[in-house]
Amino acid sequence: MKGITDTHCHLNDASLLGKIGSIIERSLNAGVHNFIVPAYDIESLEVTYKIANKYKNVYPAYGIHPWYINESFDLNNLRDYLADPRTIAVGEIGLDYADDVKIPRDLQMKVFISQVELAIEYNLPVLIHCRRAHLDMINALRPYGDRIKGVMHSYSGSKEMINDFLALNLYLSFSGAVTRTHAKKYHRSALFVPLDRILFETDAPSISTQTVAAKDVEPHHIWEIIDFVAGLRKMDKEILVRASMENVDRLFDGRIESG
Ligand SMILES: [Zn+2]
């Protein structure tokens, strides 16, 4: 069988850099063959670039995450990275209105929209982080609706908002958060999302699963997520896997080589 893709994992995280070779080897042995690795802050741009040049199955995305917005950083510095032929997306970018995030919302919005416009200019999908900001997200993206496509990463919005995100050409990605027994809101979303818009990711090493602590999560743990959602939807796992692989092909224009 062809290998699957972890559509969002931080092999560029400082805690994983030293063991990236063994992590990739364990993933390959488990049938997880490709890794979309989004940068998040200024330093991680170059780290991500280097990893992607060393490992051919690492597909890099470049962007500034809302937690790491730095007003003195000129977003034009992203251009060389976005123009690189191996770049798969702009990300991760987004809005985070959770109480622990101190970056002002208007600044978040300005930086987010600038990066969405870069994605359109470079004809790349967007990888979106969104917490407690889903309505603003929908309203901000609407003017760009026919020119963007991308992923709501580790989707945490409501089931009721899913159709709005689908109308914006966005796919919904599920992480270990959906495997938690009491995560009923996530379960409802994973049941509702149409098969032709579902993706899977681990967000390693940031999101725990029901059985694995966040810091220990690696791309091969994506199977716990897929198994859980297949059970939830009472569907054959192979059909779910095939659908998600077709979605990766469609969203990323066949640029991720399954092998
Ligand atoms: Zn992430």
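Residues numbered from 1 in each chain as written. Predicted model: local features only at pLDDT ≥ 70, side-chain atom pairs only at ≥ 80, totals over all residues.

**Let's talk about unusual backbone geometry**
G91 connects to E92 through a cis peptide bond whose omega is 5°. The step from A204 to P205 runs through a cis peptide bond, and the omega angle for that step is 0°. Locating P205 in the fold gives a position in the loop between β8 (198-200) and α9 (222-232). Unlike most non-glycine residues, S154 shows phi in positive territory, near 45°. Examined against the element boundaries, S154 turns out to sit in the loop between β6 (150-152) and α7 (162-167). (Helix = DSSP H or I, 4+ residues; strand = E, 2+ residues; numbered from the N terminus.)

**A closer look at the environment of D96**
With respect to the secondary-structure elements, D96 resides in strand β4 (residues 89-96). C-beta crowding within 10 Å serves as the criterion here: with 19 such atoms nearby, D96 is assigned to the partly exposed category. Separated by 59 residues in the primary sequence, D96 and V37 have C-alpha atoms spaced 20 Å apart. Sequence-distant contacts of D96, defined by excluding residues within four places in its chain, comprise P66, W67, V101, H129, R131 and A133. (Buried ≥ 20, exposed ≤ 12 C-beta atoms within 10 Å, placed from the backbone. Contact = placed C-beta atoms within 7 Å.)

**Side note on the pairing of strand β7 (residues 170-174)**
Of all 5 residues in β7, 5 are buried, a share of seventy percent or more. The side-chain alternation of β7 yields two buried faces, one formed by L170, L172 and F174 and the other by Y171 and S173. As defined by bridge partners, β6 adjoins β7 across 3 bridges and the pair is classed as parallel. Opposite M152, over in β7, you have L172 as the bridge partner. For the handedness criterion, the β-α-β arrangement of β6, α7 and β7 is classed as right-handed. As paired elements, β7 and β8 share 3 bridges and run parallel to each other. (Pairing = 2+ DSSP bridges. Right-handed = clockwise from strand over helix to strand, strands pointing away.)

**Regarding the sheet that holds β6**
As summarised here, the arrangement of the 8 strands in space is β1-β2-β3-β4-β5-β6-β7-β8, forming an open sheet in which the pairing is parallel. Every other strand in the sheet has two partners, leaving β1 (4-6) and β8 as the edge strands with one partner each. Shown here is a sheet whose adjacent strand axes are inclined to one another by a mean of 30°, direction ignored. Relative to the sheet, α9 contacts β1, β2 (32-38), β7 and β8, its axis offset from that of β8 by approximately 145°. (Axes fitted to C-alpha atoms, helices over the stretch in contact; angles between N-to-C directions.)

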